[in-house]
Amino acid sequence: TDNASGVQARASASMGGGGRREIWKPTIAAINGYAVAGGWSFAQGCDLRIASETAQLGIAEVKWNLLAPFGIQLPRQLHLAHVMEIILLGERVSAQRAYEMGFVNKVVPPDQLMPTAMEWAERITKNAPLSVRMHNELIMRSFDMDSHSSAALTGHLYDQLLQSEDSVEGPKAF
């Protein structure tokens, strides 16, 4: 389904599953080279983003007369002015600019990209796994909830955590 090949494309064929992810294990994007359009989308879906100094990122759909459906989530992640810059100009930005916008957590030399991503992953794994998972779930699920619903979700997840064996062992290890 591709207009360029003469077959009428449909939005449903390129929009994926509709947005909200249900993965509560932390994900890290190690961005090297170009992360444009779908590459940006993949990086956007990760919890943490580390980019090589040589990386270029962008949402180019406006140049191709397409819509970037994943862009609907960007105002929840970045300042609106930055969202408009990325989407309406349709140009790539440097890793440093993506960092300045708040899209990238860290910019590193190319040879340090994978070691840094692995080091961050190792640091995360040194934390209590259930707590990491529940914090990730709480942050992602409560992002667009009202304060009452968010507090209810917090209580629900915290009750689950406190009933786990990990919550007994964790303070003892501290």
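Each remark here, short or long, concerns the structure printed above.
From a predicted model like this one, the values you see are computed outputs, not experimental measurements. (Residues numbered from 1 in each chain as written. Predicted model: local features only at pLDDT ≥ 70, side-chain atom pairs only at ≥ 80, totals over all residues. Heavy atoms only, no water.)

**Student:** Report on the nonpolar core, specifying residues and quantitative values.
**Tutor:** Within the largest apolar cluster, 22 residues are counted, with the highest numbers of intra-cluster contacts made by Ile31, Trp40, Leu57, Ile59, Leu74 and Phe103. Counting only elements with at least two residues in this core, the list comes to strand 1 (28-31), helix 2 (38-44), helix 3 (80-89) and helix 4 (95-101). Take this core: its biggest share by element is three residues, from helix 4. If sequence neighbours within four positions are ignored, Trp40 has contacts with Ala35, Leu57, Gly58, Ile59, Phe70, Leu74, Leu78, Ile86 and Phe103. (Core = buried A, V, L, I, M, F, W, Y, C linked by side-chain atoms within 4.5 Å. Buried < 20%, exposed > 50% of the residue type's maximum accessible area, 1.4 Å probe, protein only. Helix = DSSP H or I, 4+ residues; strand = E, 2+ residues; numbered from the N terminus. Contact = heavy atoms within 4.5 Å.)

**Student:** Quick one: what's the story with the sheet that holds strand 2 (residues 34-36), residue by residue and with numbers?
**Tutor:** Spatially, the three strands line up as an open sheet ordered 2-4-5, and their pairing is mixed. Edge positions in the sheet fall to strand 2 and strand 5 (93-94), since each of these pairs with one other strand and no more. Where strand 2 meets strand 4 (residues 56-58), three bridges bridge the pair, whose relative direction is parallel. Residue pairing across strands places Tyr34 opposite Gln56, the latter belonging to strand 4. (Pairing = 2+ DSSP bridges.)

**Student:** Lay out the environment of Thr154 with the relevant residues and their values.
**Tutor:** The residue Thr154 is located in helix 7 (residues 147-162) in this model. For Thr154, a relative accessible area of 33% translates into the label partly exposed. Remark: the alpha-carbon pair of Thr154 and His135, spanning 19 residues in sequence, is separated by 9.2 Å. A polar side-chain atom of Thr154 sits 2.8 Å from the main-chain carbonyl oxygen of Ser150. (Polar contact = N/O pair within 3.5 Å; in protein donor to acceptor, adjacent residues only side chain to side chain.)

**Student:** Please give an account of the sheet that holds strand 1 that cites residues and values.
**Tutor:** Sheet strands associate in pairs through backbone hydrogen bonding, adopting either a parallel or an antiparallel arrangement. If you trace the three strands from one edge of the open sheet to the other, you get 1-3-6, paired in parallel fashion. Looking at strand neighbours, the two that pair on one side only are strand 1 and strand 6 (106-108), the edges of this open sheet. Each neighbouring strand pair of the sheet contributes to a mean axis angle of 20 degrees, computed without reference to strand direction. Note that strand 3 (residues 48-52) and strand 6 share three bridges and pair parallel. Residue pairing across strands places Ile50 opposite Lys106, the latter belonging to strand 6. (Axes fitted to C-alpha atoms, helices over the stretch in contact; angles between N-to-C directions.)

**Student:** Now, about a nonpolar patch on the surface: what can you tell me, with residues and values included?
**Tutor:** A cluster of nonpolar side chains, Leu80, Met84 and Leu88, forms an exposed patch at the surface whose accessible area comes to about 300 Å². Within the secondary structure, Met84 is located in helix 3. Taking relative accessible area as the criterion, Met84 reaches 41% and is therefore assigned partly exposed. (Patch = residues over 30% accessible without salt bridge, like charges linked within 9 Å, V, L, I, M, F, W, Y side chains within 5 Å. Areas by Shrake-Rupley, 256 points an atom, 1.4 Å probe, with all protein chains shown as cover. Salt bridge = Lys/Arg side-chain N within 4 Å of Asp/Glu carboxyl O.)

**Student:** Talk me through the pairing of strand 1; I want residue IDs and the actual numbers.
**Tutor:** Residues Ala29 and Ile31 line the buried face of strand 1, whereas the alternating positions Ile28 and Ala30 sit on a face that is not buried. Two elements, strand 1 and strand 3, share four bridges in a ladder whose sense is parallel. Within strand 3, the position partnered with Ile28 by the bridge is Leu48.

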